[in-house]
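# Geometric and topological summary
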Amino acid sequence: MKSEAQLHTEILAATLKIKEYAPELEKFIGEMPVTIPDAESALDNNKILSDYLDSLNQVLKKYEEEKLAQFKLSI
């Protein structure tokens, strides 16, 4: 399992990628069902952070797939 610091680093990287390459998705970050927690145990906190990172990555993947599909349609 990744450490809390690693998860925070990856969440920051995913968020920065959204801001740089897909700024139109920024409005959805605040609406995501998984948010940064204040869990009592480190294990719970890591699980929640991992889930949040997965949600960010899913949003990015879906966005990239839709952009690719749009590109293919325009050819």
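Description of the structure in this document. Keep in mind the model is a prediction, meaning the values are calculated, not measured.

## Quick look at the nonpolar core
- Counting residues in hydrophobic clusters, the biggest one holds 13 residues, and the most contacted among them are I11, I18 and L56.
- No other element matches helix α3 (residues 42-74), which puts six residues into this core.

## What about the pattern of salt bridges?
- Applying the stated criterion across every chain yields a total of four salt bridges.
- Salt-bridge contacts for K17 lead to E64; the nearest nitrogen and oxygen are separated by 3.4 Å. With a gap of 47 residues between them, K17 in helix α1 (residues 4-21) and E64 in helix α3 connect regions that are remote in the sequence.
- With relative accessibility at 36%, the residue K17 sits in the partly exposed group.
- Its relative accessible area of 41% is what places E64 among the partly exposed residues.

## Looking at the side chain of T15
- Following the sequence through the fold, T15 ends up in helix α1.
- On the accessibility criterion, T15 (16% relative accessible area) is buried.
- Residues in contact with T15, not counting those within four places in the same chain, are I29 and L56.

## Digging into α3
- For α3, built from 33 residues, the straight-helix expectation of 48 Å at 1.5 Å per residue is met to within 8% by its first-to-last C-alpha distance of 48 Å.
- Residues of α3 that are buried include every one of N45, N46, L49, Y52, L53, S55, L56, L60 and Y63, and no others.
- Residues of α3 that are buried make contact with α1 and α2 (26-29).

Basis of the calculations
Residues numbered from 1 in each chain as written. Predicted model: local features only at pLDDT ≥ 70, side-chain atom pairs only at ≥ 80, totals over all residues. Heavy atoms only, no water. Core = buried A, V, L, I, M, F, W, Y, C linked by side-chain atoms within 4.5 Å. Buried < 20%, exposed > 50% of the residue type's maximum accessible area, 1.4 Å probe, protein only. Helix = DSSP H or I, 4+ residues; strand = E, 2+ residues; numbered from the N terminus. Salt bridge = Lys/Arg side-chain N within 4 Å of Asp/Glu carboxyl O. Contact = heavy atoms within 4.5 Å. Expected span 1.5 Å × (residues − 1).

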